[in-house]
Number of protein chains: 2
Amino acid sequence: MSNTIRMYDLAGADPARRFSPYCWRTHMALKHKQLEFECLPWRFTDTEAIAPFYAGGGPALVPVLTDGEVSVTDSWNIAEYLEEAYPGKPGLFDGEAGKRHARFLKHWVETQVHLPITRMIVLDIHERLHEKDKAYFRASREKRLGQPLEEVVADRQARQVEFLKILAPLRNVVKEQPYLSGEAPAYGDYVVFGAFQWARCTSGFDVLAGDEPVSAWRERMLGLFDGYAAGFVAG
Amino acid sequence: MSNTIRMYDLAGADPARRFSPYCWRTHMALKHKQLEFECLPWRFTDTEAIAPFYAGGGPALVPVLTDGEVSVTDSWNIAEYLEEAYPGKPGLFDGEAGKRHARFLKHWVETQVHLPITRMIVLDIHERLHEKDKAYFRASREKRLGQPLEEVVADRQARQVEFLKILAPLRNVVKEQPYLSGEAPAYGDYVVFGAFQWARCTSGFDVLAGDEPVSAWRERMLGLFDGYAAGFVAG
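Residues numbered from 1 in each chain as written. Chains lettered and ligands numbered in written order. Predicted model: local features only at pLDDT ≥ 70, side-chain atom pairs only at ≥ 80, totals over all residues. Heavy atoms only, no water.

Enquirer: What am I meant to see in the overall build of chain A here?
Expert: Counting secondary structure elements, chain A contains 10 helices and 4 strands. Counting helices and strands in the order they occur from the N terminus, chain A gives β-α-β-α-β-β-α-α-α-α-α-α-α-α. Computed over its C-alpha atoms, the radius of gyration of chain A comes to 17 Å, within 12% of the 18 Å expected for a compact globule of 235 residues. Dimensions of chain A, computed from C-alpha atoms along their principal axes, come out at roughly 50 × 45 × 30 Å. Residues counted as buried form 55% of the 235 residues belonging to chain A. (Helix = DSSP H or I, 4+ residues; strand = E, 2+ residues; numbered from the N terminus. Rg over C-alpha atoms; globule rule 2.2 N^0.38 Å. Buried < 20%, exposed > 50% of the residue type's maximum accessible area, 1.4 Å probe, protein only.)

And the structure:
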């Protein structure tokens, strides 16, 4: 009998709205590895629920994965855990070279892509949060961004032009091959997809502005595992 | 008896000044594969010298590699050629997954890194060119950049702050491991290094502004193959 795998998963006012870019990496990794799992909807202010997993210190963040007696925090650590714990299942990384590729993509998306997306959708996220999360979210994001959320997003149409330039390496690769990882998707694709699924699940604003090659890749990602990611609440 | 491998290699007024970022990929690839080769200094206006290799059309660009009866244009094609033609020599890509990593890095450096470097060093390049190249270079670059070269570089100190943000994924990876490709360098490192060696070999302006992790990686790259890249005319 196998353990039940559970993930604490960031949710909005609608518990079916799941939108953390980091949790989406784990969703896709679990599907890739053909593992059964349950998701526990979690809100930003539910810090006590996951505090036991951060007994060593550090901010309490999702995803957190539990697998029987084992718990793992941080989406990258979770991917490495799944790879080691379930070696008989499809590989997430395509070897050590593939893992290094995924690691660069992780740093690329986190340092180049996440902030510009935040600046386009942060007000939409705020509107879709559970009431109990709104004050925390507004205060922390306005402090980080240095502006009221309404001002942050006011010029998002203009910013989008610059954002699309940042996506050039992604665009150029998915013009050449179906996935960042080649003919089949792997963890590097999930890391990058997480950013776009985050936007898609919190906002009606299409951050890709219809950009054809990247949108087509996103559609391929949404269609994986019988349309798993496409089935979640969006917009 | 083996053929002599030759590369047409972009040079400045001083024929020992070699600075094309694309040619530097090939320099490093040839050293990595432990192959003997000769470099033929080439200038932008020496179009006739390499025109025969572009009989099928397209602009005449370096590097061009000849290996006996074989000729190959485009630095990526050259890397693939070397890998196939010399399978007994050290591998450039670390397998197909490593090749995909290098391919993303190629698109990343070409779309995100090259233009900001150009905007810092283009006037320095101009000053170091052979006299016969200067008019062509100024006209083509001023058309591309939409400004006189002097104006392009005027605010380079200010631009450098933004440039260092673009380097975050590179910085974060080389904080974690010695090379983009892991414990040992591979073609992906050479692709990115080409951009920094181009700047180093044409300008006294340190585009890295002393950034410690990236500068340390660049030093490791300069030290490879008994300090091969460090031995060229710089500044």
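From this point, the narrative continues.
Enquirer: I tried to follow the interface of chain A and chain B on my own but got confused; where do I start?
Expert: In this complex, chain A contributes 24 residues to the contact, which on the side of chain B involves 24 residues. Taking both partners together, chain A and chain B bury about 2000 Å²; carbon and sulfur atoms supply 63% of that area. Across the pair R103 of chain A and E176 of chain B runs a salt bridge, and its minimum N-O distance is 2.5 Å. Taken together, chain A and chain B are joined by 12 residue pairs in polar contact (both at pLDDT 80 or more). Counting residues per element, the ones that place at least two in the side of chain A that touches chain B are α4 (95–128), α7 (156–166) and α8 (168–176) of chain A. (Contact = heavy atoms within 4.5 Å. Buried area = accessible area lost by both parts, 1.4 Å probe. Salt bridge = Lys/Arg side-chain N within 4 Å of Asp/Glu carboxyl O. Polar contact = N/O pair within 3.5 Å; in protein donor to acceptor, adjacent residues only side chain to side chain.)

Enquirer: So what exactly am I meant to see when it comes to the relation of the copies chain A and chain B here?
Expert: For these two chain copies, the linking operation is a rotation about an axis paired with a shift along it. Expressed as a screw transformation, the operator carrying chain A onto chain B has a rotation angle of 180 degrees and an axial translation of 0.0 Å, and the superposed copies differ by an RMSD of 0.0 Å. Taken together, the turn and the small shift mark the pair as related by a two-fold rotation axis. Relative to the rotation axis, the C-alpha of H101 of chain A is the closest in chain A, positioned 2.4 Å from it. The fraction of interface residues of chain A whose copies in chain B are also interface residues reaches 100%, indicating that both copies meet through the same surface. (Least-squares fit on C-alpha atoms with pLDDT ≥ 70 in both.)

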